[in-house]
Amino acid sequence: MSARPVPLIDLQAQHAAIRDVVMPAVQAVIERQQFIMGPEVRDLESAIARLSRVPHGIGCASGTDALLLPLRALDLRPGDEVITPAFTMGATATAVHNAGGTPVFVDVDRASFNVTPDAIEVAMTPRTRAIIVVHLFGQMAPMEEILNLAERKSVPVLEDAAQAIGAQRNFGGRGGAWRRAGETGWAASLSFFPTKNLGCWGDGGMILTRDDGLAERLRRLRVHGGLRKYFHEEVGTNSRLDTIQAAVLLAKLPFLEAWSAARRRHAEWYTDRFSAQGDVTPPWVDPANEPIFHQYTIRAPRRDELLQHLTARGIGCAVYYPLALHLQPCFAHLGHRPGSLPEAEAATREVLSLPVYPELTDAQREAVASAVLEFYGGKGVGGGRKA
Ligand SMILES: *Cc1c(COP(=O)(O)O)cnc(C)c1O
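Calculation criteria
Residues numbered from 1 in each chain as written. Predicted model: local features only at pLDDT ≥ 70, side-chain atom pairs only at ≥ 80, totals over all residues. Heavy atoms only, no water. Pairing = 2+ DSSP bridges. Helix = DSSP H or I, 4+ residues; strand = E, 2+ residues; numbered from the N terminus. Axes fitted to C-alpha atoms, helices over the stretch in contact; angles between N-to-C directions. Contact = heavy atoms within 4.5 Å. Parallel < 35°, antiparallel > 145°, perpendicular 65-115°, else oblique. Left-handed = near helix turned anticlockwise from the far one by under 90°. Domains from an automatic or database assignment. Buried area = accessible area lost by both parts, 1.4 Å probe. Salt bridge = Lys/Arg side-chain N within 4 Å of Asp/Glu carboxyl O. Phe/Tyr/Trp six-rings, centres within 6.5 Å; stacked < 30°, edge-to-face > 60°. Buried < 20%, exposed > 50% of the residue type's maximum accessible area, 1.4 Å probe, protein only. Lys NZ or Arg CZ within 6 Å of the ring centre and 35° of its normal.

1. Looking at the sheet that holds strand β7 (residues 178-180)
And step 1. On the basis of which strands lie adjacent, the open sheet formed by three strands has the order β7-β6-β10 and antiparallel pairing. Two strands in the sheet have a free side with no partner beyond their single neighbour: β7 and β10 (289-290).

Okay, structure coming up:
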C-alpha cells in the first residue's frame with residue numbers, strides 16, 4: 001500500500017468543491033465595498049439563529065469574543081466564580097479571567113470528555129456567577145440535567161458551542177425532545193475559525209440567546225458600548241463579524257448538514273473498525289446525542305508513540321488537548337496541583353484526534369485505520385472492508 005498522506009483536515013478540498021458558490025458571494029461584497037456590518041451579517045445572524053432555534057444571533061469577531069462578551073454582560077466583580085471544564089480549549093477559561101472573574105475548574109466525564117452535573121454541583125459556591133458548558137468535540141453535554149441544577153441555584157449557563165454547531169441532544173420526556181447546541185442555555189458561543197465545522201476565511205464568531213435584553217446589550221458591547229455612533233452607554237469594544245466573513249459563511253451554510261452527516265459516517269466506520277481491536281478506545285456516543293464530530297478522538301495506549309507512527313506515515317493527527325487548563329502556567333496563581341482533576345489529566349495523556357473531515361475518501365479513511373491498527377500489531381494492511 002502506498003503511504004499517501006492524509007491531512008488532519010483538508011480545507012483546500014472543501015474549497016475546491018464550493019469555489020463556484022463562495023467566490024461570487026465574496027466578489028459581491030468587494031464590489032459593494034460595505035465591509036462593516038453589511039446585509040450579509042444580518043442575514044447570517046438570522047440563518048444561524050434559525051438553525052440553532054433561538055431568536056437572536058449576534059455576530060462578533062471570534063469564538064473567544066463570543067465567550068467574552070456574554071461574560072462581560074454579567075458584570076463580574078473580583079472573586080466572582082465561573083465554573084468551567086479543565087479539559088477544553090484555553091479560550092473557555094481565559095475569557096472568564098478577561099471578563100474579571102475567576103475560573104473554577106471541574107473534571108470531565110471519562111467516556112464523553114464533557115462536564116457532569118455532579119462535578120458542577122460540588123464546585124458551586126455562593127460566589128458562582130455562571131456555568132460554562134463546553135460541548136466538546138461536537139457532542140453535547142447533558143444539558144437537561146445541568147439546566148435543572150442551574151435553575152435550582154439561579155445561575156446562568158453559557159454554552160461554549162464552538163465545536164458543536166447543529167449538534168442535537170434528546171432531552172427526553174414524553175415523545176422525546178431534540179434540542180440543539182446553543183438552544184437552551186442563557187447564551188451560547190459559536191466560533192467560525194477556519195477549521196471549525198462551519199469555518200470562515202479568518203476569525204469570526206457568534207453569540208446565540210433567547211434573552212431579548214441580553215441580545216440588545218451584546219449588540220451594544222460589540223460596537224463600543226453604544227448603538228448610536230459616538231455615544232457610549234457603557235464601555236464596549238470593537239468585536240464585529242466582517243461582512244466578507246459573513247458572506248463566506250452564508251455561502252457555506254447550506255452544505256453544513258451534509259458535512260456533519262459525512263463526519264458521522266466516517267466516525268461510525270472508524271468505530272466499527274476499531275471496536276474489535278482491544279487497544280483503541282473509540283469515542284463514546286451518548287445514545288441521547290446526535291454529535292457532529294468536530295473531532296474523532298480516540299484514547300490510545302502509548303499515545304505519543306502512536307502519534308509518531310502516524311506522522312511518519314503522513315497521517316495527520318493531533319492532541320486536543322495536551323495540558324489541562326488548571327495546570328496551565330497562566331493559571332498557576334490559582335494554585336492547582338497535578339492529580340487534582342484526574343480525568344482531565346488522563347485525557348491529556350491518552351487522547352488522539354484522527355482525520356474525520358467530510359471530504360475524506362474511503363481510501364484515506366482506510367489508510368488511517370490501517371496505520372492505527374498496524375501500530376498495535378493488528379490486521380492493518382489490506383483486507384479493508386468496504387464502507
Ligand atoms: C475554537 C474554540 C474557541 C475559540 O474560538 P476562536 O474563534 O478561535 O476564538 C473556544 N472554545 C472552544 C471549545 C473552541 O474549540
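2. Some remarks on the sheet that holds strand β3 (residues 102-106)
And step 1. One open sheet holds the seven strands; their spatial order is β1-β9-β8-β5-β4-β2-β3, and the pairing between them is mixed. Strands with a single pairing partner mark the edges of an open sheet, and in this sheet they are β1 (56-60) and β3. Going from strand to strand, the sheet's axes swing by 25° on average, the running direction of each strand aside.
And step 2. Pairing geometry for strand β5 (residues 157-160) and strand β8 (residues 187-191), over three bridges, is parallel. In the strand pairing of β8, Leu 158 is matched with Ala 187.
And step 3. The strands touched by helix α4 (residues 91-98) are β2 (81-85), β3, β4 (128-134) and β5; relative to β3, the strand with the most contacts, the crossing angle is about 150°.
And step 4. Across the sheet, helix α7 (residues 212-221) is in contact with β1, β8 and β9 (205-209); its angle to β1 comes to roughly 20°.

3. A few points about the packing of helix α10 (residues 303-312) against helix α12 (residues 362-375)
And step 1. Packing of α10 against α12 leaves a shortest axis separation of 10 Å and a crossing angle of 135°. Comparing their axes, α12 and α10 come out oblique. Considering the relative orientation of α10 and α12, their crossing is right-handed. Here Glu 305, Leu 306, His 309 and Leu 310 of α10 come into contact with α12, specifically with Ala 371, Val 372, Glu 374 and Phe 375.

4. Thoughts on the domain arrangement of the protein chain
And step 1. Taken domain by domain, the protein chain comprises domain 1 (12-253) and domain 2 (256-375).
And step 2. Distance between the C-alpha centres of domain 1 and domain 2: 24 Å.
And step 3. Taken together, the 43 residues of domain 1 in the interface contact 36 residues of domain 2.
And step 4. Counting each side, the surface lost to burial between domain 1 and domain 2 is near 3500 Å², with a carbon and sulfur contribution of 62%.
And step 5. When the buried area of domain 1 at its contact with domain 2 is split by residue, Arg 110, Phe 137 and Asn 197 rank highest and sum to 21% of it.
And step 6. Where domain 1 touches domain 2, the interface holds three salt bridges.
And step 7. Between Glu 350 and Arg 110 there is a salt bridge; the shortest N-O distance is 3.4 Å.

5. Examining the packing of aromatic side chains
And step 1. Throughout the structure, instances matching the rule amount to 13 aromatic pairs.
And step 2. The interplanar angle of 65° and the centroid separation of 5.7 Å between the aromatic rings of Tyr 320 and Tyr 321 together place this pair among those described as edge-to-face.
And step 3. Tyr 320 sits in the partly exposed class, given a relative accessible area of 25%.
And step 4. On the basis of relative accessible area, Tyr 321 is assigned to the buried category, the value being 13%.
And step 5. Taking 4.8 Å as the distance between ring centres and 80° as the angle between the ring planes, the aromatic pair formed by Phe 375 and Tyr 376 counts as edge-to-face.
And step 6. Here a set of aromatic residues connected by ring pairs shows up, and it is made of Phe 87, Phe 113, Phe 137, Tyr 320 and Tyr 321.
And step 7. Looking at Arg 228, its charged tip hangs above the ring of Phe 231, at a distance of 4.0 Å from the centre.

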